[in-house]
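# Observations on chain architecture
What follows is the residue order along each chain.
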Amino acid sequence: PAPQTCPDFWVLLPAVPQPGSRCSGHFGVVRLCRERGTGAFYAAKFVKTRRCRGSRLGLERAQVEREVAILRQLNHPNIMRLHDLFASRAEVVLVLEL
């Protein structure tokens, strides 16, 4: 079977920034998404990763892996929990609770 991808489980909704908020940054964007199975809403953080060591575009994969490792360990009411994770060669998608 083919590997599961973000659209298999999630519906991405149009990015609609709230006044004073930001949906994109230097390394990626955050979009609202809905889990297909439950209808629950989450934030999908799309992080661009570097394709080669000499590239300046995106984060190094090790930096993203470190963020994921930290998020998996944390359990605090003021910190968004990591709900799901998808990765490709060009980007990593972290699905976070709102």
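The rules behind the values
Residues numbered from 1 in each chain as written. Predicted model: local features only at pLDDT ≥ 70, side-chain atom pairs only at ≥ 80, totals over all residues. Heavy atoms only, no water. Helix = DSSP H or I, 4+ residues; strand = E, 2+ residues; numbered from the N terminus. Buried < 20%, exposed > 50% of the residue type's maximum accessible area, 1.4 Å probe, protein only. Contact = heavy atoms within 4.5 Å. Pairing = 2+ DSSP bridges. Axes fitted to C-alpha atoms, helices over the stretch in contact; angles between N-to-C directions. Core = buried A, V, L, I, M, F, W, Y, C linked by side-chain atoms within 4.5 Å.

### Digging into the overall build of the protein chain
Helix and strand content of the protein chain: 2 helices and 5 strands. Each helix and strand of the protein chain, placed in order from N terminus to C terminus, yields the pattern α-β-β-β-α-β-β. The buried share of the protein chain, reckoned over its 98 residues, is 23%. Residue pairs in contact within the protein chain that sit at least 24 positions apart in sequence constitute 44% of those at least 6 positions apart.

### Things to note about the sheet that holds strand β5 (residues 91-97)
Note on sheets: strands pair through backbone hydrogen bonds, and any given pair is parallel or antiparallel. Spatially, β1-β2-β3-β5-β4 is the arrangement adopted by the 5 strands of the open sheet, whose pairing is antiparallel. Two strands lie at the open edges of the sheet, namely β1 (10-12) and β4 (82-87), each paired on one side alone. Between one strand axis and the next, the sheet turns by 30° as a mean value, whatever way the strands run. Bridge analysis of β1 against strand β2 (residues 28-35) gives 3 bridges, and the strand direction is antiparallel. Within the sheet, the bridge partner assigned to Trp10 lies in β2 and is Glu35.

### Side note on the nonpolar core
Soluble, globular proteins show a tendency: their nonpolar side chains are buried together. Val47, Leu59, Val64, Val68, Leu71, Leu82, Val92, Leu94 and Leu96 together form the largest nonpolar core, which totals 9 residues. Ranked by size, the runner-up nonpolar core spans 8 residues in total, among them Trp10, Tyr42, Phe86 and Val95.

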